[in-house]
Amino acid sequence: MPLFVFPDDPSWNEEADAVEFAVEVGEYHGRVFVPRRALQTLAGHLPKPDEALQYVCLNRPVFDKAVEARIMDRKLDPDANIHLTARDVRRVAP
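Let me begin by describing the structure that accompanies this report.

Cut-off values and rules
- Residues numbered from 1 in each chain as written.
- Predicted model: local features only at pLDDT ≥ 70, side-chain atom pairs only at ≥ 80, totals over all residues.
- Heavy atoms only, no water.
- Phe/Tyr/Trp six-rings, centres within 6.5 Å; stacked < 30°, edge-to-face > 60°.
- Buried < 20%, exposed > 50% of the residue type's maximum accessible area, 1.4 Å probe, protein only.
- Lys NZ or Arg CZ within 6 Å of the ring centre and 35° of its normal.
- Helix = DSSP H or I, 4+ residues; strand = E, 2+ residues; numbered from the N terminus.

For the rest of this paragraph, the subject is the packing of aromatic side chains. For the structure on display, the rule yields one aromatic pair. Note on Y55 and F63: the rings are 6.3 Å apart at their centroids and 80° apart in plane angle, and the pair reads as edge-to-face. Its relative accessible area of 25% is what places Y55 among the partly exposed residues. R60 extends its terminal NZ or CZ atom over the ring of F21, reaching a point 4.2 Å from the ring centre.

Moving on, we get to the environment of S11. Note on placement: S11 falls in strand β1 (residues 11-13). A C-alpha to C-alpha distance of 9.6 Å links S11 and V56, two positions 45 residues apart in sequence.

This is how it looks when you write it as structure tokens:
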């Protein structure tokens, strides 16, 4: 049984201007947000919502690893969710 579970597909969150997906670790259930501004740094341009969603889906293993690293480092945001930065993703990218 995997330690980290990502139970749903990413979706666009208009209010947060970010791609959003869930993460579960034992009793912890949180949300992961990848802001469009972070994706701008990674993709080289400010992606439209559908492009941002596609970028995360196509690179999902890297984003999952970035989430795992943040949890292992105990770097949750004050709301107990995770808002990934481009730096988080680049740190784990091959």
